[in-house]
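A look at the structure
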Amino acid sequence: MAPSFDWWAKGVHKGTPVVVKMDNPDWSMVELEGPSEDDFLIGNNPTDTRAKARGKNAKQLTWVLLLKAHRAAGYLTSVASTLAGIGPAIRRRVASGRTDTESTSSFENKTVKTRFYNCIKVFLWFSLFLLGFEIAAYYKGWHFRASNLQLQYIFTAPFGVRDFFDWLYSNWLLIRVGFVAPPLQFLANVCIVLFLIQSLDRLILCLCCFWIRVKKIKPIPKEDTVADLETGENGFFPMVLVQIPMCNEREVYQHSIAAVCKLDWPKSKILIQVLDDSDDPMTQLLIEEEVHKWQQVGANIVYRHRVIRDGYKAGNLKSAMSCSYVKDYEFVAIFDADFQPTHDFLKRTIPHFKDNEDVGLVQARWSFVNKDENLLTRLQNINLSFHFEVEQQVNGVLINFFGFNGTAGVWRIKALEDSGGWLERTTVEDMDIAVRAHLQGWKFVFLNDVECQCELPESYEAYRKQQHRWHSGPMQLFRLCLPDIIHAKISFWKKFNMIFLFFLLRKLILPFYSFTLFCIILPMTMFIPEAELPAWVVCYVPALMSFLNILPAPKSFPFIVPYLLFENTMSVTKFNAMISGLFQLGNAYEWVVTKKSGRSSESDLVSLIEKDPKHQLRGSEPDLDEIKAEILQEQKARKKKHNRIYTKELALAFLLLTASARSLLSAQGIHFYFLLFQGISFLVVGLDLIGEQVM
């Protein structure tokens, strides 16, 4: 062993002083020394050096343990303070909040919403009754666990058993085993199969995305086109129409108009249409004044306001395309009011149309200026990153088809006209025109490396309304487009992809099994233990799917558990919206504009003006001060608003928490933890404790 000791002895390892500051006044400033050279000289004098090393190491270990104990105490203190603060926050929210049933401008039909809420309440009261029943049976000695029920005890026990309760519970067991468990298990098996199919689809998409990244496959325009655009000589500069549809977008109109007016394109080849559908006279005046200012500095921009505001965004775009001067333009770029394209956006998208006459759409991906604003925006960023990075990119590369995102895209006007133009028949006019264009044989190009900044909803109320429209609209469209898809002159594979993958699997099956399996069947299996859900369905496969979803946004990995829980929480809204759109229930055709905060609008506009003084607007500084005053005034008014209390989410929270309490009697570990944390997530969302807070 001597050579080994000599090898250690040759290294010179001097300790580095470490200063540790203790917050506790009883603990003074101390200095911890790292291991010195003597600590490793064990081979020369085993007796003395080992004793000395043992003493030093013990002393250092004591300080390290003390430090770790101090940190642990700090963590426990912070956790305790956080938990202590939740109680008063919930009390204030309950005292000042208003339930979603009290809203006068709800986007859901009250009759449909009440029926759905009543169905959830039935499950809640049923679970509460069964929980009390099972607890009483547990203390009477009925210690049966899931799927291990010994029915022979019931048949071999003396008649009358012990008392009336035992007779009642034994008969409930017979009913449960013979009549309740089989249909529940059948429904659970159906949902598990759908869950596995959807998970397989997601896995295949991720593998295809990985293959695309390894092979570095991406759409590349003609080289001469790019070179010409950079030099500005004899380039491909077709006539481009730019449209900014908006409706009461006071918070974001200024920086969106400024960004579009800064697009690097010959002024004689571009026309910007500001399509204002606002019904607020002050907002109309502000937007029109902003357009007038840009006209004064030479921007080719026009303001257009409809008197008859039919058809929401689709009607607005359809009306704009009916202008006589549109026939002079070959392409149209569309940006929603909160989108800020970079100055080279057209240079990076338009070239993909050259010498590709069958390309009808070029779509850019979204990026978000407020993705780190709060927990809600972080979770949305995970979802949308997967949508663009994986779904849109894979579909664009493999089959040249994906759903148009409604903004940050460039259309060939001929493709719009060939597909029938904008129609007001659904609330997802973007998906509608994409499906009809694909049926006509047009190809789509998705550019994952071209980003357009926009804003995410920061409040749960705004996000909930957005998701309701995004999930009810596709079901409306599916009803309308199914005959056209069946009779279209396209390949069988494209029909299969559009009907099964695009509509059924990703728009209908996903919200159906997510809500039914994890919000209804799983808690019911706690009270009907003969119907089982395996642990891999409850934990392992969902965890794997969440991991795959979070891969395009690796910085969001710490939020993988909240993401999984929140997605299941949102399944209530998505399932309700899917049913409303599929069966045309309630206000499925009502468009609700997503609320914007406009947090970055003023700073973006100021930086834009300072960066390019030649385009400085006359009178812009006083106007900025005026806008700032209005924003501050609106923020003060926002504080007077009430947070909402969402009854469906709260009812499901108590249902899941009740089921978690029941699972303790069956000693089901994974099921208990999943139900507990899922119930807490429903409780947090139901009390509107996620996202923007407006106490």
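Residues numbered from 1 in each chain as written. Predicted model: local features only at pLDDT ≥ 70, side-chain atom pairs only at ≥ 80, totals over all residues. Heavy atoms only, no water.

1. Brief notes about the overall build of the protein
On a plain count of helices and strands, the protein comes out with 21 helices and eleven strands. Looking at the protein as a whole, 50% of its 695 residues are labelled buried. Sequence-distant contacts in the protein: of pairs separated by 6 or more residues, those separated by 24 or more amount to 81%. Total accessible area computed for the protein in this model is approximately 33,600 Å², and 60% of it derives from carbon and sulfur atoms. (Helix = DSSP H or I, 4+ residues; strand = E, 2+ residues; numbered from the N terminus. Buried < 20%, exposed > 50% of the residue type's maximum accessible area, 1.4 Å probe, protein only. Contact = heavy atoms within 4.5 Å. Areas by Shrake-Rupley, 256 points an atom, 1.4 Å probe, with all protein chains shown as cover.)

2. Here we look at the pattern of salt bridges
Tallying each qualifying case throughout the model produces 22 salt bridges. In this structure, the salt-bridge partner of Arg378 is Asp372, at a minimum N-O distance of 3.4 Å. Residue classification places Arg378 among the partly exposed residues on the basis of a relative accessible area of 28%. Here the salt bridges share partners, and the residues they tie into one network are Glu134, Arg176, Glu530 and Arg662. (Salt bridge = Lys/Arg side-chain N within 4 Å of Asp/Glu carboxyl O.)

3. Focus: the nonpolar core
Core analysis: the largest hydrophobic core is formed by 87 residues, its most contacted members being Ile257, Trp411 and Val435. In terms of residue count, the dominant contributor to this core is strand S10 (residues 443-454) (seven residues). Non-local contacts of Ile257, meaning those with residues more than four positions away in its chain, are made with Ile244, Val274, Ile287, Glu290, Val291, Trp294 and Ile301. Phe133, Tyr169, Phe195 and Ala653 belong to the second largest nonpolar core, which has 63 residues in total. (Core = buried A, V, L, I, M, F, W, Y, C linked by side-chain atoms within 4.5 Å.)

4. Some details on the packing of aromatic side chains
Under the counting rule described, the total for this entry stands at 30 aromatic pairs. Where Phe404 meets Trp411, the ring centres are 5.6 Å apart and the plane angle is 90 degrees; that geometry is what we call edge-to-face. Measuring from centroid to centroid gives 5.8 Å for Phe518 and Phe674, while their planes differ by 45 degrees, and the two rings are tilted. Note that Phe518 is positioned in helix H15 (residues 492-527) and Phe674 in helix H21 (residues 669-686), a separation of 156 residues in sequence. In terms of burial, Phe518 and Phe674 fall into one category: buried. Pairwise contacts between aromatic rings join Phe339, Trp366, Phe388, Phe401, Phe402, Phe404, Trp411, Phe444, Phe446, Phe478, Phe502 and Phe503 into one cluster. Above the ring of Phe502, the side-chain terminus of Lys507 is found at 4.3 Å from the ring centroid. (Phe/Tyr/Trp six-rings, centres within 6.5 Å; stacked < 30°, edge-to-face > 60°. Lys NZ or Arg CZ within 6 Å of the ring centre and 35° of its normal.)

5. Thoughts on the UniProt feature "transmembrane region" (unreviewed entry) in the protein
What UniProt calls "transmembrane region" (unreviewed entry) maps, in this numbering, to residues 122-139, 186-212, 499-527, 645-664 and 670-690. Counted over residues 499-527, helix gives 100% and strand 0%. Its end C-alpha atoms are 37 Å apart. Helix makes up 90% of residues 645-664 and strand 5%. Its end C-alpha atoms lie 29 Å apart. (UniProt positions renumbered as here; feature names shortened; annotations may be inferred.)

6. Things to note about helix H11 (residues 375-398)
In this model H11 runs 34 Å from its N-terminal to its C-terminal C-alpha over 24 residues, within 8% of the 34 Å that 1.5 Å per residue would give. Along H11, the sharpest kink reaches roughly 30 degrees, centred on His387. The buried count for H11 comes to 19 of 24 residues, which makes it a mostly enclosed element. The first or second residue beyond H11 is Asn400, which carries a positive phi of 55 degrees. (Expected span 1.5 Å × (residues − 1). Bend = angle between axes of the 7 residues up to and from the residue.)

7. Comments concerning the packing of helix H16 (residues 535-550) against helix H17 (residues 560-582)
Two numbers describe how H16 lies on H17: the axes approach to 10 Å, and their chain directions differ by 110 degrees. By the angle class used here, H16 and H17 are roughly perpendicular. The segment H16 lies against H17, with Pro542, Ala543, Ser546, Phe547, Asn549 and Ile550 engaging Ile560, Tyr563 and Leu564. (Axes fitted to C-alpha atoms, helices over the stretch in contact; angles between N-to-C directions. Parallel < 35°, antiparallel > 145°, perpendicular 65-115°, else oblique.)

8. Details of a nonpolar patch on the surface
A cluster of nonpolar side chains, Leu200, Leu203, Ile204 and Leu207, forms an exposed patch at the surface whose accessible area comes to about 360 Å². A relative accessible area of 44% places Ile204 in the partly exposed class. (Patch = residues over 30% accessible without salt bridge, like charges linked within 9 Å, V, L, I, M, F, W, Y side chains within 5 Å.)

9. Concerning the packing of helix H13 (residues 429-439) against helix H14 (residues 460-487)
Interhelical geometry of H13 versus H14 gives an angle of 15 degrees and a closest axis separation of 10 Å. By the angle class used here, H13 and H14 are roughly parallel. The interaxial crossing formed by H13 with H14 has right-handed handedness. Facing H13, whose interface residues are Met431, Asp432, Val435 and Leu439, H14 presents Pro474, Leu477, Cys481, Asp484 and Ile485. Considering only residue class, the contact of H13 with H14 consists of seven nonpolar, no polar and two charged. (Left-handed = near helix turned anticlockwise from the far one by under 90°. Nonpolar A, V, L, I, M, F, W, Y, C, P; charged D, E, K, R; others polar.)

10. Some details on the confidence of the model for the protein
Note: predicted coordinates in regions of low pLDDT should not be interpreted at a detailed level. Here the protein averages 80 in pLDDT, and 71% of its residues register 70 or above. Contacts for the low-pLDDT stretch residues 1-44, under 50 throughout, to residues beyond four places or in other chains number 49 contacts. Ignoring residues within four places in sequence, the model shows residues 601-622, a span with pLDDT below 50, making 26 contacts including any to other chains. (pLDDT = per-residue confidence, 0-100.)

11. Remarks on the pairing of strand S6 (residues 301-305)
Across five bridges, strand S5 (residues 270-276) lies against S6 in parallel orientation. In the sheet register, Leu275 faces S6, and the bridge partner there is Arg304. Read from S5 through helix H8 (residues 281-296) to S6, the crossover connection turns out right-handed. (Pairing = 2+ DSSP bridges. Right-handed = clockwise from strand over helix to strand, strands pointing away.)

12. So, unusual backbone geometry
Residues other than glycine seldom take positive phi values, yet Tyr312 does so here, at roughly 55 degrees. Tracing the backbone shows Tyr312 in helix H9 (residues 312-321). The phi torsion at Asp688 lies on the positive side, around 60 degrees, for a residue other than glycine. As for its placement among the helices and strands, Asp688 is situated in the segment after H21.

13. Points about the environment of Val359
Tracing the chain through its elements places Val359 in strand S8 (residues 359-368). For the pair formed by Val359 and Val445, sequence separation is 86 residues and the distance between their alpha carbons is 7.2 Å. Setting aside its immediate chain neighbours within four residues, Val359 contacts His352, Phe353, Arg412, Trp442, Lys443 and Val445.

14. Section: helix H20 (residues 647-666)
A rise of 1.5 Å per residue sets the reference length of H20, with its 20 residues, at 28 Å; its end C-alpha atoms lie 29 Å apart and thus fit the reference within 8%. Taking burial as the measure, the 20 residues of H20 include 15 buried ones, the bulk of the element.

15. Regarding the sheet that holds S10
A sheet is described by the order of its strands in space; here seven strands give the open sequence S6-S5-S4-S7-S9-S8-S10, paired in mixed fashion. The open sheet has two edge strands with one neighbour each: S6 and S10. Across the sheet, the axes of successive neighbouring strands diverge by a mean angle of 20 degrees, strand direction being ignored. Each of strand S4 (240-246), S5 and S6 is contacted by H8, which is oriented at about 160 degrees to S6, the strand it contacts most.

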